[in-house]
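The primary structure of each chain is shown beneath.
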Amino acid sequence: YAAGVPMGGELVAPAAGPAAPRFLALALQDPEEAPLERLQVIKGWVEGGQTRERVCDVACADGSAPAAPPWRCASGGREPSTHDCAPDTASGAAQLDASWSDPEFDPSQRAFYYLRVLQVPTCRWSTWDANRLGVEPPGAVPPVIQERAVTSPIWYAPPARPQEAEPA
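This is a predicted model, so every value here is computed, not measured.

I keep staring at the nonpolar core and nothing clicks. Help me out?
Soluble, globular proteins show a tendency: their nonpolar side chains are buried together. In this structure, Leu39, Val41, Val58, Leu96, Trp100, Tyr113 and Val117 are the most contacted members of the largest nonpolar core, which totals 23 residues. Residue assignment for this core shows that the elements contributing at least two residues are β2 (22-28), β3 (36-47), β4 (50-60), β5 (95-101), β6 (111-119) and β10 (154-157).

Explanation requested: the packing of aromatic side chains in the structure shown.
Counted according to the given criterion, the structure contains six aromatic pairs. Relative to Tyr113, the ring of Phe23 has its centre 4.7 Å away and its plane inclined at 45 degrees; by these criteria the two rings are tilted. Taken together, the positions of Phe23 in strand β2 and Tyr113 in strand β6 put the pair 90 residues apart, joining distant regions of the chain. For the pair formed by Phe23 and Tyr113, the shared burial category is buried. On the basis of an interplanar angle of 75 degrees and a centroid distance of 5.0 Å, the ring pair of Phe105 and Tyr156 is categorised as edge-to-face. In this pair, Phe105 is assigned in the loop between β5 and β6 and Tyr156 in strand β10, connecting sequence segments 51 residues apart. You'll find Phe105 and Tyr156 in the same group, each marked buried. Put simply, the rings of Phe23, Trp100 and Tyr113 pair up and form one aromatic cluster. A cation over an aromatic ring shows up here: Lys43 above the ring of Trp45, its NZ or CZ 4.9 Å from the ring centre.

What counts and how
Residues numbered from 1 in each chain as written. Predicted model: local features only at pLDDT ≥ 70, side-chain atom pairs only at ≥ 80, totals over all residues. Heavy atoms only, no water. Core = buried A, V, L, I, M, F, W, Y, C linked by side-chain atoms within 4.5 Å. Buried < 20%, exposed > 50% of the residue type's maximum accessible area, 1.4 Å probe, protein only. Helix = DSSP H or I, 4+ residues; strand = E, 2+ residues; numbered from the N terminus. Phe/Tyr/Trp six-rings, centres within 6.5 Å; stacked < 30°, edge-to-face > 60°. Lys NZ or Arg CZ within 6 Å of the ring centre and 35° of its normal.

Here it is, written out as structure tokens:
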């Protein structure tokens, strides 16, 4: 923890050869909600004046490792039946955790990283309401969604160039 950076903090690279940062990630299922499907790291940066983003799955509910590029879990949970809205608890997990390092880390590039966790697909609230009322779900919206939660980012700052260094 001594060299760690909390969510929302800035990771400043040491001037002497920064290495790719290692992220420790952990997500726990809300006991009153559906199980978790996957844990992801999202990286953002600016390149050539254009914003870029890459999503990497880092933990899969089935315990498998995400497939190397494009860094995705092999499969996800099945959609629930819209008649009973029971989520696919067999393909989800109560906890997902990972240790991850950016395989394309560029120590000279400003970037940010944040975590996102996805639940197995669940019924939208309007589908639940339609079931309780004994009517068809509204056709204007999908009957099933995939809930997610995100963290605050960790900002990466490259080492200061000599001309940018603050005076002593």
